[in-house]
Amino acid sequence: QVLLVESGGGLVQAGDSLRLSCAASERTFSSYAMGWFRQAPGKEREFVATISKAGGTTYSGDSVKGRFTISRDNAKNTVALQMNSLKPEDTAVYYCAARRGMTSTKRDDYDYWGQGTQVTVSS
């Protein structure tokens, strides 16, 4: 069982930056590919970004490409999402997720999920 705890959400203005962090309980954290997803009210959970076990491969969703960056620190068992140039449409609950094996953009491929952190971007 991998416990994931997100932090760093909040209320910001359009154009601002925010950094989300996810701490994992698992001592074999480096065995898991990690992902960030988000879910806005009334919408399905959407892929944001994913990173490979060693951190050498990353993918981002089209809606955040060039603005959001995923990174990880295996020594600290953490994964981060740096969000720049935030827009009101980025408002959502952001979830951290872990899966054994390779990176994936598919929500159903992930085995473990955090409880989420709210990000609200005002115009």
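Quick caveat: nothing in here was measured; it's all calculated off a predicted structure.

Asker: For this particular structure, what's the right way to read the pairing of strand β5 (residues 46–51)?
Answerer: Each regular strand carries side chains that alternate between the two faces of the sheet. Counting buried positions over the 6 residues of β5 gives 5, a clear majority of the element. Taken together, strand β4 (residues 32–39) and the strand that follows it, β5, pair antiparallel across an intervening segment of 6 residues, in which Gly42 is found at a positive phi of about 80°. Note that β5 and strand β6 (residues 58–60) share 3 bridges and pair antiparallel. Along β6, the bridge assignment pairs Ile51 with Thr58. Linking β5 to β6, which pair antiparallel, is a turn of 6 residues; within it Gly55 sits at a positive phi near 90°.

Asker: What's the story with the sheet that holds strand β8 (residues 78–83) in this structure? I'm lost.
Answerer: Remark on secondary structure: sheet strands pair via backbone hydrogen bonds, oriented parallel or antiparallel. Spatially, 4 strands are ordered β1-β3-β8-β7 in an open sheet, and the strand pairing comes out antiparallel. Single-partner strands in this sheet number two, and they are β1 (4–7) and β7 (68–73). The mean angle between the axes of side-by-side strands here comes to 15°, regardless of whether they run parallel or antiparallel. Two strands pair when backbone bridges link them, and β1 and strand β3 (residues 18–24) are joined in this way by 4 bridges, in the antiparallel orientation. Paired with Val5 across the two strands is Ala23, which belongs to β3.

The rules behind each value
- Every chain's residues receive numbers from 1 upward, in the order its sequence appears when written.
- Given that this is a predicted model, residues contribute local features only at a pLDDT of at least 70 and side-chain atom pairs are listed and counted only at 80 or more, while totals for whole chains, interfaces and linings are drawn from all residues.
- To get the side-chain values, all heavy atoms of the structure are used, and hydrogens and water are removed first.
- Remark: exposure states derive from per-residue accessible area (1.4 Å probe, protein chains only) relative to the maximum for the residue type, with buried under 20%, exposed over 50%, and partly exposed in between.
- Numbering of helices and strands runs from the N terminus, with a helix taken as a DSSP run of H or I at least four residues long and a strand as a DSSP run of E at least two residues long.
- In short, DSSP must find at least two bridges between two strands for them to pair.
- Helix axes use the C-alpha atoms of the stretch in contact, all axes being lines fitted to C-alpha atoms, and the angles between their N-to-C directions lie in the range 0 to 180 degrees.

Purely spatial values, then, with no claim about function.
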